[in-house]
Amino acid sequence: MVKILDQNIQDYINANLNTDLHTLLLKKSPFPGVSMHEIVQQIKGKQVAQKKFPFLLKQGIIFPPQLNVEQSSSEKTAQYKSRLLEGEKFIDLTTGFGIDAYHLSENFKEITLIEQNPDLLEIVRNNWNVLGKKATFVNQKLEDFLEENKEVFDVIYLDPARRDSNKNKVFLLEDLSPDILAIQQRLLSSAQKVVIKLSPLIDLKYLVSVLPNIFRIDIIAVKNDVKEVVVFLSGQKNDTISCHCVNLESDDPVFEFTVGDEENAHAEYGEPEKYIYIPNNAILKAGIFNLISYKNGLKKLHPNTHIYTSDSQINDFPGRVFEMEIVDAKKIQKKSQYNIISKNYPLKPEEIKKKYSLKDGSEKYIIFTQSKKGKIILKSV
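Just so it is clear, the structure is predicted and the values come from calculations on it, not from any experiment. (Residues numbered from 1 in each chain as written. Predicted model: local features only at pLDDT ≥ 70, side-chain atom pairs only at ≥ 80, totals over all residues. Heavy atoms only, no water.)

Colleague: Can you break down the overall build of the protein chain residue by residue, with the values?
Modeller: Each helix and strand counted, the protein chain has 13 helices and 17 strands in total. For the C-alpha atoms alone, the extent of the protein chain along its principal axes is close to 70 × 55 × 35 Å. Within the protein chain, the fraction of its 381 residues that count as buried is 49%. Across the protein chain, the fraction of contacts at a sequence separation of at least 24, relative to all contacts at a separation of at least 6, is 64%. As displayed, the protein chain offers around 19500 Å² of accessible surface, 46% of which is attributable to carbon and sulfur atoms. Of the side chains in the protein chain, 51 bear a positive and 50 a negative charge, and the two mean positions are spaced by 8 Å. (Helix = DSSP H or I, 4+ residues; strand = E, 2+ residues; numbered from the N terminus. Buried < 20%, exposed > 50% of the residue type's maximum accessible area, 1.4 Å probe, protein only. Contact = heavy atoms within 4.5 Å. Areas by Shrake-Rupley, 256 points an atom, 1.4 Å probe, with all protein chains shown as cover. Lys, Arg positive; Asp, Glu negative; His and termini not counted. Charge placed at Lys NZ, Arg CZ, Asp CG, Glu CD.)

Colleague: So what's going on with the packing of aromatic side chains? Residues and values would help.
Modeller: Under the counting rule described, the total for this entry stands at 14 aromatic pairs. Seen in terms of ring centroids, F55 and Y102 are 4.9 Å apart; in terms of plane orientation they differ by 25 degrees. Their pairing is stacked. Residue F55 is located in the loop between α3 (36-52) and α4 (66-71), and its partner Y102 is located in helix α6 (residues 99-104); the two are separated by 47 residues in the primary sequence. Note on Y356 and F368: the rings are 5.4 Å apart at their centroids and 40 degrees apart in plane angle, and the pair reads as tilted. Of this pair, Y356 sits in the loop between α13 (349-355) and β16 (359-371) while F368 is found in strand β16, placing the two residues 12 residues apart along the sequence. We classify Y356 as buried; its relative accessible area is 12%. Put simply, the rings of F55, Y102, W128 and F137 touch in pairs and so form one group of aromatic residues. Positioned over the ring face of Y269 is K372, at 4.3 Å from the centre of the ring. (Phe/Tyr/Trp six-rings, centres within 6.5 Å; stacked < 30°, edge-to-face > 60°. Lys NZ or Arg CZ within 6 Å of the ring centre and 35° of its normal.)

Colleague: An account of the sheet that holds strand β10 (residues 268-269) is needed here, citing residue identities and associated values.
Modeller: One open sheet accounts for 8 strands, arranged β10-β12-β13-β11-β14-β17-β16-β15; its pairing is mixed. Since the sheet does not close on itself, it has two edges, and those belong to β10 and β15 (337-342), each with one partner. (Pairing = 2+ DSSP bridges.)

Colleague: Residue-level account of the sheet that holds strand β9 (residues 255-258), with values.
Modeller: The 9 strands lie next to each other as β3-β2-β1-β4-β5-β7-β6-β8-β9, forming an open sheet whose pairing is mixed. Pairing within the sheet leaves two strands with one partner each, and these edge strands are β3 (136-138) and β9. Strand-to-strand, the axes of this sheet are offset by a mean angle of 15 degrees, without reference to chain direction. In this sheet, strand β7 (residues 225-234) lies alongside strand β5 (residues 191-198) in antiparallel orientation, the contact comprising 6 bridges. The residue bridging K197 from the neighbouring strand is V230, located in β7. Its contacts with the sheet put helix α5 (residues 75-82) on β4 (153-158), β5, β6 (214-222), β7 and β8 (242-248), and the angle it makes with β6 is roughly 150 degrees. Contacts from helix α7 (residues 118-131) reach β2 (110-114) and β3 within the one sheet, and its direction differs from that of β3 by about 170 degrees. (Axes fitted to C-alpha atoms, helices over the stretch in contact; angles between N-to-C directions.)

See the structure below:
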């Protein structure tokens, strides 16, 4: 591992950041004792870091195998979570590449990192030394650590592995590694708060049904792509659970509500008016289709069309807002350019493009959807 930090090797890595990696892998390594595979691993890591965690683009940083890099949280999501946590003692039971741990532990005095992969832990230790950050590094399975642990932490954080022994994706908490349901009581007895990062595909109703100690859920999207669902647990059972829908790297406000609000909200339905609203994907993931209508005083087009409308513009809507008008299909000009959106409509965008001879692009939008009266087409004004 130390050899890869040799300045000549680092210069070679930096000089080949834009080289075709398949071609590079066919070459023989110019450095004795360091394989081309190891060099390419560092190049891949730096390529990912440029967008995902640029704070690691420093001399002396080592990147782990690609799977560990891909499974890490982004710098943006980790920084968001860090603003929600503080205390004396922080522990990450599934450190991995340590991106979450680095940011989430920012407001803590004592940091403990548990990682069962010794090679990965050494990489994290090296990187934290380079970054000037201290922690206690423990190479141990988290189940063994919890069995032996006598300390109480302010926050326990974990990001369970979401693949089974056959590398297939799994979502239920009992299928994760570790099995969250099997260890939840041990976790709660060892911390004031337990914070768990989960798949963006996890069902929220299922979560609430199997984790009675949840007090908060955050649905975190980045540029309208839902990246993770994060649950917060405490030692007490909670009567209310707050939910926060976040769309980072956008101007969307955070939308907060209490789990159960959707069941008590009623949407008013109506035909398209001057303004059209499409909620961001964090809102859609939360399933608050009536609540978003009720809270903002908007009309919903159809029970299965999660598009909303109003005659006057609503400020601070968590999603996209368009000024649009209904257009007759016969008046759609062939070969015109639009961003095509299809929601609750029989045809997909590619099929629409072919049927109406449309081209992708431009700043104009065209929406194919349904209201209660039937299929409609909406065009940018």
